[in-house]
Amino acid sequence: MGQQHGKQVLFSQVKIDDAFWSPRIAVNRQVTLAHEYEMCRTTGRLDAFKLHWEPGTEPVPHIFWDSDVAKWVEAASYSLAAHPDPDLERKLDDITTLIASAQQADGYLNTHFTAVEPDKRFTNLRDWHELYCAGHLIEAGVAHAEATGKRTLLDAVCRYADLLARVFGTGEGQIPGYPGHEEIELALVKLYRATGQRRYLELSRYFIDQRGRQPHYYDLESARRGEKARGDYSYCQAHLPVRQQESVTGHAVRAMYLYSGMADIARETDDQTLAAACERLWNHLTGKQMYVTGGIGASRSNEGFLDDYDLPDDTAYCETCAGIGLIFWAQRMLQLGCDRRYADVLERALYNNVLAGSSLDGRRFFYDNPLAAYGTKKDSQGRLTQTTRYYQRSEWFGCACCPPNYARLLSSLGGYVYSVYGDNRAAVHLYVGGEATLAIGSGQVTIRQQTRYPWDGQIAIRVSPEKPAAFQLALRIPGWCQSFRLQVNGQDVSDAPETNGYRLIERTWSEGDQVVLTLELPVRRVFAHPSVRACQNKVAIQRGPIVYCAEQADHSDPVRHLCLPEDTALQASFEADLLGGVVTITGTARAALPGEALYGPAPLTKPCPIRLIPYYVWNNRQPGEMRVWLPIAP
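Read on for an overview of the structure.

The rules behind the values
Residues numbered from 1 in each chain as written. Predicted model: local features only at pLDDT ≥ 70, side-chain atom pairs only at ≥ 80, totals over all residues. Heavy atoms only, no water. Pairing = 2+ DSSP bridges. Helix = DSSP H or I, 4+ residues; strand = E, 2+ residues; numbered from the N terminus. 1 Å grid on protein atoms, 1.4 Å probe; cavity = no way out; pocket = protein on both sides within 12 Å on 5 of 7 lines; lining within 4 Å. Points joined across faces, edges and corners; volume = space filled by probe spheres on them. Nonpolar A, V, L, I, M, F, W, Y, C, P; charged D, E, K, R; others polar. Salt bridge = Lys/Arg side-chain N within 4 Å of Asp/Glu carboxyl O. Buried < 20%, exposed > 50% of the residue type's maximum accessible area, 1.4 Å probe, protein only. Axes fitted to C-alpha atoms, helices over the stretch in contact; angles between N-to-C directions. Parallel < 35°, antiparallel > 145°, perpendicular 65-115°, else oblique. Left-handed = near helix turned anticlockwise from the far one by under 90°. Contact = heavy atoms within 4.5 Å. Phe/Tyr/Trp six-rings, centres within 6.5 Å; stacked < 30°, edge-to-face > 60°. Lys NZ or Arg CZ within 6 Å of the ring centre and 35° of its normal.

1. Concerning the sheet that holds strand β16 (residues 513-519)
If you walk across this open sheet you meet the seven strands as β2-β8-β9-β10-β16-β12-β13, and the pairing is antiparallel. Since the sheet does not close on itself, it has two edges, and those belong to β2 (14-16) and β13 (491-492), each with one partner. Sheet topology note: the strand β9 (residues 443-451)/strand β10 (residues 458-465) ladder contains seven bridges and is antiparallel. Bridge assignment links Val445 to a residue of β10, and that residue is Pro465.

2. Regarding the layout of surface pockets
What the largest pocket holds in volume is close to 850 Å³. The wall of the largest pocket is formed by 36 residues, among which Gln8, Val9, Leu10, Glu146 and Arg193 lie closest to the centre. Breaking the lining of the largest pocket down by element, the ones donating at least two residues are β1 (6-8), α2 (65-82), α5 (130-148), α7 (184-195), α10 (252-269), α12 (320-336), α14 (402-411) and β8 (434-440). Tallied by class, the residues present in the lining of the largest pocket amount to 14 nonpolar, ten polar and twelve charged. Computed from the structure, the second largest pocket encloses a volume of approximately 490 Å³. Every element with two or more residues in the lining of the second largest pocket is listed here: α11 (272-288) and α13 (340-354). Residues of the lining of the second largest pocket, tallied by class, amount to 13 nonpolar, five polar and five charged.

3. Let's talk about the pattern of salt bridges
It is possible for side chains bearing opposite charge to pair when their charged atoms get close. Summed over the entire model, instances satisfying the criterion amount to 46 salt bridges. For the salt bridge of Glu74 with Arg408, the shortest nitrogen-to-oxygen distance reads 2.7 Å. Of the two residues, Glu74 sits in helix α2 while Arg408 sits in helix α14, which places them 334 residues apart along the sequence. Put simply, Arg485 and Asp492 hold a salt bridge, and the shortest N to O gap is 3.3 Å. Judged by its relative accessible area of 44%, Arg485 is partly exposed.

4. Some words on the packing of helix α6 (residues 152-167) against helix α8 (residues 198-210)
Relative orientation of the contacting elements α6 and α8 amounts to 50°, with a least axis distance of 10 Å. Here α6 lies oblique to α8, going by the angle between them. Where α6 crosses over α8, the handedness of that crossing is left-handed. Along the contact surface, α6 presents Cys158, Ala161, Asp162, Leu164 and Ala165, while α8 presents Arg199, Tyr200 and Leu203.

5. Some remarks on the sheet that holds strand β15 (residues 502-509)
Within the open sheet, the six strands sit side by side as β1-β6-β7-β11-β15-β14. Their pairing is mixed. Taken across any chain shown, the strands that pair with only one partner, and hence form the sheet edges, are β1 and β14 (498-499). Of the strand pairs in this sheet, β14 and β15 are connected by two bridges, and their pairing is antiparallel. The partner of Glu498 across the bridge, within β15, is Arg503. Relative to the sheet, α12 contacts β1, β6 (418-421) and β15, its axis offset from that of β1 by approximately 140°.

6. Notes on the packing of aromatic side chains
The geometry of two aromatic rings is summed up by the distance between their centres and the angle between their planes. Taken as a whole and judged by the stated rule, the model has 29 aromatic pairs. Ring centres 5.0 Å apart and planes at 80° place the aromatic pair Phe20 and Trp21 in the edge-to-face group. On the accessibility criterion, Trp21 (0% relative accessible area) is buried. Between Tyr206 and Phe207, the aromatic rings sit 5.4 Å apart at their centres with planes inclined by 55°, giving tilted as the arrangement. Take Tyr206 and Phe207: they sit in the same class, and that class is buried. Put simply, the rings of Phe20, Trp21, Tyr351, Tyr431, Tyr453, Trp455, Phe574 and Tyr616 touch in pairs and so form one group of aromatic residues. Seen from the ring of Tyr37, Lys91 lies directly overhead, with NZ or CZ sitting 4.4 Å from the centre. Geometry around Phe366 places Arg393 over its ring, the cationic atom sitting 4.1 Å from the centre.

7. What about the environment of Asp557?
In this structure, Asp557 sits in the loop between β19 (546-551) and β20 (562-563). Here Asp557 falls in the buried class, since its relative accessible area comes to 14%. Residues Asp557 and Pro609, spaced 52 residues apart in sequence, show a C-alpha to C-alpha distance of 9.5 Å. Setting aside chain neighbours within four positions, we find Asp557 in contact with Gln552, Leu562, Ala591, Lys606 and Cys608.

Distances and angles like these do not, on their own, reveal function.
Encoded structure:
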């Protein structure tokens, strides 16, 4: 890791004006937020805060409904800060007032355990989601206050956090427990940064330090409920104290939220043992448990991790929330040290796994993101006939964590682009058009990016300090990039010093200095580690950060019959009228010609055209087959 800790540049300091991202953020703002609001309203999630539920009536407020509403509030708050909208502001005022009205006299704030099971507060931390919901409410309160200056929800969550600080701990009369579904750890750090109240930071550190210690709290909790202890708590990352954990385990979303909180505490308290644990876990995840799309969590059964290198493609779970959690963690690792490894993973997950989580129209969502899917059959005239099996996005889910999580990430995207390290280094992690105002040393610096990335590798960066200032500008050279050119005011500086994958341009900057970084974007063949059984003798195609797939809509032969010769030339071209404007990759593949027998000699093949589209835009046309990993033609 780098020696200097970084400071995140907040979303409110960045204005995105980008050919790739601006249309998606606009859809998120204009369509997705409205759609999700209606889903929360019609499913009863909003009315649950009125606390009017009576036994025997439907719907019953669920144990995690509060989190869905909270994430919507957070997403809407971020959006409002960037794009004033009186109607959205009124909705936020109404909802934050409604949420605060459900708070109990002692500060408790949870619709299920207030209206449905008030006698079961904090009795099953392992399985129920009280502290998870509390975390999302806290994040919403912080975001709403930052966006609007209004404290309605922030004051409520501070009172709730104060209650939690009294209830939890190792002191006499306190509960020595911690959440089964992590999230509150990172939320409390946000609350500490927003309020300056160190007790919130200490509560977060308590939850992290207490996790997995003996005697195991979940055993004690089970005994009080008259239940048999489970024994293995790797599902919720409580099998060992966190500093002793060597590998990522269990439920992927829980893991990402825990590791994000650990990285936050490591940075805020300069805890090197916690930072070392984060580094070990990061290396294990990215070296043995991550898909080429940045998806994580291969198994549907536990929504989490399988054995090392066990990364099946057609049954890949890769929950959208897990990819978002990975982005959260990567961002926090970047604050521990400016290292390309973290930003590369952040970018991979963002442009592939996470961006696939929403349809282009902003109304349908993936919960899980497989790397292969099977679709519809066609008759001899190419007409759709009986559906065999296919995977499609949904408008909503009973467990609706992913849609509002996606919305809050898109609304706050500006906060992932830059960091400032110490007093003299500004780092650009992502290449996104727009303008940012950074505090470097004792002055302000405006940085403006112009680019057509990821379709084009040229990034123009104008640096404008309020007065001439000496500092370093650190530009990430992505790990996938084998050739680049770097210029300052027309002079080549491609040999600028390199540290952890960032090129450092150190000079006294003046108003209007121009940096141009040109990244080569060839079409690349990507191969998996030989221990990944599902990908043996297969190849994936990537250009820049974008991973590609073959979708049935582009092919007359079944996608499952396609294979790619090693010597096939592949061409990239931008198609403005396809799927919102994408670069496609075309060439000549081979298609197997199956015979009548179930088994027999190797099938004959025929040449056929192949057209690959970015993985993130699949399933936006007719349903059908898709695959990322293509067999290599014999």
